[in-house]
Amino acid sequence: MIAVPSSVRAAAGRLRDFPAYVYDLAALSTHMRAVRSALPGVELYYAAKANPDPALLTTLAPHVDGFEVSSGGELAHVRSAVPGARLAFGGPGKTDDELAAAAGAHRVHVESPGELRRLLAMGVEADVLLRVNLDIPVAGASLAMGGGATPFGMDPAGIDECLTLLSGHPGVRLRGVHAHLASGLEAGPLVDLAGAVLGYARGLGVREVNVGGGMAVAYTEPSRRFDWEAYGKGLTGLIADGERVRIEPGRALTVYCGWYLTRVIDVKRVHGELFAVVAGGTHHLRTPVTKGHDQPFAVLDGAGGPGEPVTVVGQLCTPKDVLARRAGTSVRVGDVLAFGMAGAYAWNISHHEFLLHPKPKFFYV
Ligand SMILES: *Cc1c(COP(=O)(O)O)cnc(C)c1O
């Protein structure tokens, strides 16, 4: 079972309606201070797509150097939530309108020679990083955006094509390379990837490198954290004088601060298996479906001792609406369950309109 902070328990005690989201902004600040102090000399951006909630963005702002945005919508949203923040604009498939908006960002991450041609044709000024997909192993990753044929970024031949296009266009300034090759890696393999990307950048003669995000998050071990100290030490050891290294994590920064609180409506046994049906479901917290895991939860109010394995499902009329399978926790009708690790790729990737249940309210502690 996951440990629920007292501030989240207290917020749950005040709630009238379930389900609800509670964001623990104090815990987010504490986490960010630890991350930041582990990364001396490394620029830290937050990948807004992990969770663009404005209260999270403003809580993150003093702890980061900027924000990575991946669409015109995210660009406008982060600009209004955190005016004046430095922005890096990435993402495959930027439209002309998005490219025009992106040109004003601190950095534009170019995804293809075709995209660069369109940017150059606009005649705007921009500072660009070329997104490279190096053919290097990313074994152990939960998602691979590079290390083989994917629609993300360019292989070295594509980068060479961009270098040719850029010469003769002084208004679009090449600042360096960007790489976000994999997600779900531990510190050691991520440092190795960063080393490979830095080596490649040196070969091109550029001194700025964004090595992406993707720091591992262990949903089966809620109390374990990515080893930021080891990662910071590893990165520091790689950086030569005059080089600028930036990272842009999402999940590993905000995942721990989010809680989805709901109440058990029904408990039943079907063909021998025990099920608990809760208010809401995976149309509010889609993460366990997309990742194929059991979302960690705790039963509040002191209940929830060890019990017969129970599968916790939502109100949707689909067998996919499963939040946690065969949890060994006793669950009764009326119990309040607190699902943790719901602060990244949770509410904002969920299909809220499905079945038209009332949407959760959001609370901040
Ligand atoms: C999604 C994404 C990130 C953040 O990834 P996390 O796994 O959430 O850390 C960073 N950079 C790019 C380009 C991304 O697409």
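Residues numbered from 1 in each chain as written. Predicted model: local features only at pLDDT ≥ 70, side-chain atom pairs only at ≥ 80, totals over all residues. Heavy atoms only, no water.

### What to know about the site of the ligand
Here is step 1: Taken together, 13 residues sit near the ligand, with Lys-49, Gly-214, Glu-248, Arg-251 and Tyr-345 positioned nearest.
Here is step 2: At a separation of 2.9 Å, an oxygen atom of the ligand approaches a polar backbone atom of Gly-250.
Here is step 3: For the ligand, the accessible surface in isolation is 390 Å², of which the surrounding protein chains cover 91%.
Here is step 4: Of all the cavities here, the one that holds the ligand is the largest pocket.
Here is step 5: Of the residues belonging to the shell around the ligand, the class tally is three nonpolar, six polar and four charged. (Near = heavy atom within 4 Å. Polar contact = N/O pair within 3.5 Å; in protein donor to acceptor, adjacent residues only side chain to side chain. Areas by Shrake-Rupley, 256 points an atom, 1.4 Å probe, with all protein chains shown as cover. 1 Å grid on protein atoms, 1.4 Å probe; cavity = no way out; pocket = protein on both sides within 12 Å on 5 of 7 lines; lining within 4 Å. Sits in = over half its atoms within 2 Å of the grid points. Nonpolar A, V, L, I, M, F, W, Y, C, P; charged D, E, K, R; others polar.)

### Re the packing of helix H6 (residues 113-122) against helix H7 (residues 156-166)
Here is step 1: Running from N to C, H6 and H7 point in directions that differ by 15°, and their axes come no closer than 9 Å. Judged by the inter-axis angle, H6 sits roughly parallel to H7. Crossing of H6 against H7: the hand is right-handed. Across the interface between the two elements, Pro-113, Leu-116, Arg-117 and Leu-120 of H6 pack against Gly-158, Glu-161, Cys-162, Leu-165 and Leu-166 of H7.
Here is step 2: Considering only residue class, the contact of H6 with H7 consists of six nonpolar, one polar and two charged. (Axes fitted to C-alpha atoms, helices over the stretch in contact; angles between N-to-C directions. Helix = DSSP H or I, 4+ residues; strand = E, 2+ residues; numbered from the N terminus. Parallel < 35°, antiparallel > 145°, perpendicular 65-115°, else oblique. Left-handed = near helix turned anticlockwise from the far one by under 90°. Contact = heavy atoms within 4.5 Å.)

### Here's the deal with the domain arrangement of the protein chain
Here is step 1: Here the domain parsing of the protein chain yields domain 1 (86-249) and domain 2 (256-364).
Here is step 2: Centre-to-centre, using C-alpha coordinates, domain 1 lies 36 Å away from domain 2.
Here is step 3: At the junction of the two partners, domain 1 supplies seven residues and domain 2 supplies nine residues.
Here is step 4: Between domain 1 and domain 2, a total of about 680 Å² is buried, with carbon and sulfur atoms accounting for 66% of that surface.
Here is step 5: Sorting the residues of domain 1 by area buried against domain 2 places Tyr-219, Pro-222 and Arg-225 first, and these three jointly supply 74% of that buried surface. (Domains from an automatic or database assignment. Buried area = accessible area lost by both parts, 1.4 Å probe.)

### Some thoughts on empty space enclosed by the protein
Here is step 1: Throughout the structure, instances matching the rule amount to two cavities of 30 Å³ or more.
Here is step 2: Space inside the largest cavity adds up to approximately 60 Å³.
Here is step 3: As for the largest cavity, its lining consists of Ala-179, His-180, Leu-181, Ala-182, Leu-190, Leu-193, Ala-194, Val-197, Val-211 and Gly-213.
Here is step 4: With four residues, the single largest contributor to the lining of the largest cavity is helix H8 (residues 187-204).
Here is step 5: Tallied by class, residues from the lining of the largest cavity come to eight nonpolar, two polar and no charged.
Here is step 6: Every residue lining the second largest cavity is listed: Glu-186, Ala-216, Val-217, Ala-218, Arg-224, Arg-225, Phe-226 and Tyr-256.
Here is step 7: Of the residues belonging to the lining of the second largest cavity, the class tally is five nonpolar, no polar and three charged. (Points joined across faces, edges and corners; volume = space filled by probe spheres on them.)

### Description of the side chain of Thr-282
Here is step 1: Mapped onto the secondary structure, Thr-282 falls in the loop between strand E13 (273-278) and helix H11 (287-291).
Here is step 2: Residue Thr-282 is classed as buried on the basis of its relative accessible area of 2%.
Here is step 3: There is a polar contact of 2.6 Å between the side chain of Thr-282 and the side chain of Asp-321.
Here is step 4: If sequence neighbours within four positions are ignored, Thr-282 has contacts with Pro-288, Val-289, Leu-316, Lys-320, Asp-321, Val-322, Leu-323, Ser-350 and His-351. (Buried < 20%, exposed > 50% of the residue type's maximum accessible area, 1.4 Å probe, protein only.)

### Section: the UniProt feature "modified residue: N6-(pyridoxal phosphate)lysine" (unreviewed entry) in the protein chain
Here is step 1: Mapped onto this numbering, the UniProt entry gives "modified residue: N6-(pyridoxal phosphate)lysine" (unreviewed entry) at Lys-49.
Here is step 2: Secondary-structure assignment places Lys-49 in the loop between strand E2 (43-47) and helix H3 (54-60).
Here is step 3: Of the residues examined, Lys-49 reaches a relative accessible area of 36% and is grouped as partly exposed.
Here is step 4: Not counting the four nearest positions on each side in its chain, Lys-49 is found in contact with Glu-74, Tyr-345 and Asn-348. (UniProt positions renumbered as here; feature names shortened; annotations may be inferred.)

### Looking at the nonpolar core
Here is step 1: Phe-67, Trp-228, Tyr-231, Ile-247 and Phe-297 are the most contacted members of the largest nonpolar core, which totals 116 residues.
Here is step 2: With nine residues, the top contributor of residues to this core is H8.
Here is step 3: Lining this core are residues from two domains, each supplying at least three of them: domain 1 (86-249) and domain 2 (256-364).
Here is step 4: Among all residues touching Trp-228, those that are not within four sequence positions of it are His-31, Val-35, Ala-38, Leu-39, Met-215, Ile-247, Pro-249, Ala-252 and Leu-253. (Core = buried A, V, L, I, M, F, W, Y, C linked by side-chain atoms within 4.5 Å.)

### Description of the sheet that holds strand E11 (residues 244-247)
Here is step 1: Sheet architecture is closed into a barrel: eight strands sit in the order E2-E3-E4-E5-E6-E8-E10-E11, paired in parallel fashion. Recorded for the sheet is a direction-independent mean angle of 30° between the axes of neighbouring strands.
Here is step 2: The pairing of strand E10 (residues 208-210) with E11 spans three bridges and is parallel. Bridge pairing links Glu-208 to Arg-244 in E11.
Here is step 3: Its contacts with the sheet place H7 against strand E6 (126-131) and strand E8 (172-178), and it is angled at close to 160° to E6. (Pairing = 2+ DSSP bridges.)

### Observations concerning unusual backbone geometry
Here is step 1: A cis amide bond, omega 0°, links Phe-18 with the succeeding residue Pro-19.
Here is step 2: Looking at the secondary structure, you find Pro-19 in the loop between helix H1 (6-14) and strand E1 (20-23).
Here is step 3: Phi at His-271 takes a positive value of approximately 50°, unusual for a residue other than glycine.
Here is step 4: Within the secondary structure, His-271 sits in the loop between strand E12 (258-270) and E13.
Here is step 5: Classification of His-271 by relative accessible area gives exposed; the value is 83%.
Here is step 6: Unlike most non-glycine residues, Met-341 shows phi in positive territory, near 55°.
Here is step 7: Relative to the assigned elements, Met-341 resides in the loop between strand E17 (336-339) and strand E18 (361-364).

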